[in-house]
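Chain and residue survey
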Amino acid sequence: MVLECCKQSLKNLKIDYIDLYLIHWPTGFQEGQKLFPLDKDGNLIFSSVDYVETWHGMEDCFERGLAKSIGLSNFNSQQIQRVLNACKVKPVVNQIECHPYLNQSKMIDFCKSHGILVTAYSPLGSADRLFASANDPILMSDKTLKSIAEKHGKSVAQILIRYQVQRGIVVIPKSVTPSRILSNIDVFDFELTEDDMSKINNLNRDFRYITNEAFKQHIHYPFKGGEF
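It should be emphasised that the depicted structure is a prediction, and the values quoted were computed from it without experimental measurement.

A few words now on the UniProt feature "binding site: substrate" (unreviewed entry) in the chain. Residues given the UniProt feature "binding site: substrate" (unreviewed entry) here are His24. Topologically, His24 is positioned in the loop between β1 (18–23) and α2 (51–63). Once you skip the residues sitting within four places of it in the chain, His24 turns out to touch Ser73 and Asn74.

Quick look at the structure:
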C-alpha cells in the first residue's frame, strides 16, 4: 500500500521522486480513498496495521529510488526504537512539535544518539491551529521572549527560529505573508547568548499545541503520557 500511494503521489505531482517521505503519524486509519474515514457516528475508523510494517513499505520506496530519504513524524522514542530494531534503512529525521514551551530536549538527545535529525514544526506556537483553546498559553506573547527580542532588535518569531538553529534543529516556520517569510530567514546576523538560551530552555512546560485528540483511542497514539 505504501509503494502504491507513493507512486500515485508522484504521478499527481508529475515528478520522478520525492526528496523526503515521512510517516506523518504512527496512528493508521482504514485504508481507502478518504484521508480520515469516519463511521456512522462520526468516529475515526482506525487500521490495525503496525507502523513497523508501514516502515518496510517506506524502505521499498527508498530502494526503488522513489524517495531519496525516508523518516518519521510525531513518533515517541519507544516507537522510534521499534523501527530502529526492525529496519533495513534507518529513519533520517523525526519531525516533531518543538518550541520553548515544549523544548523536546530528551527527544533531541535520543535522536542525536541514533544519528537522526530533528525537525521542529510549530516553532512559533501554531497560533492558527484548529481546535485552539482560549486557555492555551500564547508563545509569541511570552514576556521573557519579548525581552530577549528587544535586546537583540529582533522579533519574537526571529528569536524562536534562532533558538532552534543554535540547537542544531531543522526549523520549519509557516507563513503565507511575503514580509514574514523574508523576516523568518533573517536570523543569521545575530547569536543568542548562553544566558538567552538558558532562559528560553527554562520556559519549558511540556505543553503541546498539537495533540490530535481524535487519535487518542488508537493503540499507537504517541502522547499517552510517560513517553517522550
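Right, let's talk about the state of the cysteines for a bit. As enumerated under the stated definition, the model contains 0 disulfides in all. As a non-bridged cysteine, Cys5 has Cys6 as the owner of its nearest cysteine sulfur, 8.8 Å distant. Take Cys5: its relative accessible area is 37%, and that puts it in the partly exposed class. With no disulfide of its own, Cys61 lies closest to Cys6 among cysteine sulfurs, the gap being 3.9 Å. The exposure class of Cys61 is buried, given its relative accessible area of 0%.

Before going further, it helps to spend a moment on the environment of Ile210. When you line up the elements, Ile210 lands in the segment after α8 (194–201). Between the C-alpha atoms of Ile210 and Met107, which are 103 residues apart in sequence, the distance is 16 Å.

Strand order in this open sheet of 5 strands is β1-β2-β3-β4-β5, and the pairing throughout is parallel. Both outer strands of the open sheet, β1 and β5 (170–171), are each paired with one neighbouring strand and no more. In the sheet, strand β4 (residues 117–121) pairs with β5 via 2 bridges, with the strands oriented parallel. Counted as the bridge partner of Thr119 is Val170 from β5.

All right, on to the nonpolar core then. Within the largest apolar cluster, 31 residues are counted, with the highest numbers of intra-cluster contacts made by Tyr21, Cys61 and Ile80. Residue assignment for this core shows that the elements contributing at least two residues are α1 (2–13), β1, α2, β2 (67–73), α3 (77–86), α4 (105–113) and β4. Top element by residues in this core is α2. It accounts for 5 residues. Once you skip the residues sitting within four places of it in the chain, Tyr21 turns out to touch Val2, Cys5, Cys6, Met58, Cys61, Ala67, Ser69, Ile70 and Gly71. Judged by nonpolar contacts, the second largest core, of 28 residues, contains Leu124, Ile159, Val171 and Ile200.

A few words now on the pattern of salt bridges. Taken as a whole and assessed by the stated rule, the structure comprises 8 salt bridges. Here Lys151 ties to Asp196 by a salt bridge, and the two come within 2.6 Å at their closest N and O atoms. Taken together, the positions of Lys151 in helix α5 (residues 143–152) and Asp196 in helix α8 put the pair 45 residues apart, joining distant regions of the chain. The exposed category is assigned to Lys151, whose relative accessible area is 53%. Asp186 is the salt-bridge partner of Lys154, the closest N and O atoms lying 3.6 Å from each other. Here the residue Lys154 occupies a position in the loop between α5 and α6 (156–166), and Asp186 occupies one in the loop between α7 (178–185) and α8, the gap between them amounting to 32 residues.

Definitions and cut-offs
Residues numbered from 1 in each chain as written. Predicted model: local features only at pLDDT ≥ 70, side-chain atom pairs only at ≥ 80, totals over all residues. Heavy atoms only, no water. UniProt positions renumbered as here; feature names shortened; annotations may be inferred. Helix = DSSP H or I, 4+ residues; strand = E, 2+ residues; numbered from the N terminus. Contact = heavy atoms within 4.5 Å. Disulfide = S-S within 2.5 Å. Buried < 20%, exposed > 50% of the residue type's maximum accessible area, 1.4 Å probe, protein only. Pairing = 2+ DSSP bridges. Core = buried A, V, L, I, M, F, W, Y, C linked by side-chain atoms within 4.5 Å. Salt bridge = Lys/Arg side-chain N within 4 Å of Asp/Glu carboxyl O.

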